[in-house]
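Observations on chain architecture
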Amino acid sequence: MTVDLCPNCGSDHYIKSGIVNNRQRYKCKKCNYFFSVNKIGKKIDDYYVNKSLQLYLEGLTYREIERILGVSHVSIMNWVKKYNIKRPYNSNYHPTYKILNASELGVYFQNPNNIKGAGVVVTELGDKFMLIKWERFKD
């Protein structure tokens, strides 16, 4: 593994400064920051980050998104904080969702009662589709 820049200040002026836990340690000559070679950790694909944030904005809870996408609800909370996502507040509508394959989606839209009086969003989830529908609360 090679080091390109200091993670603290972004400088490329650094020197070797010993070995810690079998990893080379470096010292930045500009800011005197000690650092090691970055680990290549587990990174979640951007597709799942985007889908998680979309579903969050559609009104699903963190745990519902976790069950659908298989991504930790804590990761989703961290992404919402990181990207400063604000969910619009509207108490008159509530979302319901279904996960359907292509043929089931076609059958669903053939019935006019399924789409009357509600907003519908369809998004792809791998080889299936997620249908999110907003219905007014019955007062």
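Our structure's up above, just so we're on the same page.
This write-up is about the structure you can find in this document. Keep in mind it's a predicted model, so treat the numbers as computed, not measured.

What follows concerns the packing of aromatic side chains. Inspection of every chain in the model, using the stated rule, returns seven aromatic pairs. Taken together, the ring pairs in this structure connect Tyr 14, Tyr 26, Tyr 33 and Phe 35 into an aromatic cluster.

Moving on, we get to the pattern of salt bridges. Taken as a whole and judged by the stated rule, the model has one salt bridge. Salt-bridge contacts for Lys 43 lead to Asp 46; the nearest nitrogen and oxygen are separated by 3.4 Å.

What follows concerns the side chain of Ser 52. Looking at where Ser 52 falls in the secondary structure, it is placed in helix 1 (residues 46-57). In terms of polar contacts, Ser 52 uses its side chain to reach the backbone carbonyl oxygen of Tyr 48, at 2.6 Å. The residues touching Ser 52, leaving out its near neighbours within four places in the chain, are Ile 65, Leu 69, Ile 76 and Trp 79.

Turning next to helix 3 (residues 73-82). Those residues of helix 3 lying buried are His 73, Ile 76, Trp 79 and Val 80. One face of helix 3 carries all of its buried residues, which in axial projection span an arc of 115°. Seen from the buried face of helix 3, the exposed residues on the opposite side, beyond 90 degrees, are Lys 81 and Lys 82. Here the buried face of helix 3 lies against helix 1 and helix 2 (62-69). Put simply, Ser 72 is the residue that caps the front of helix 3, since its side-chain oxygen is 3.1 Å from the backbone nitrogen of Val 74. Positive backbone phi, at 50°, marks Asn 84, one or two positions downstream of helix 3.

Definitions and limits used
- Residues numbered from 1 in each chain as written.
- Predicted model: local features only at pLDDT ≥ 70, side-chain atom pairs only at ≥ 80, totals over all residues.
- Heavy atoms only, no water.
- Phe/Tyr/Trp six-rings, centres within 6.5 Å; stacked < 30°, edge-to-face > 60°.
- Salt bridge = Lys/Arg side-chain N within 4 Å of Asp/Glu carboxyl O.
- Helix = DSSP H or I, 4+ residues; strand = E, 2+ residues; numbered from the N terminus.
- Polar contact = N/O pair within 3.5 Å; in protein donor to acceptor, adjacent residues only side chain to side chain.
- Contact = heavy atoms within 4.5 Å.
- Buried < 20%, exposed > 50% of the residue type's maximum accessible area, 1.4 Å probe, protein only.
- Arc of directions from axis to C-beta.

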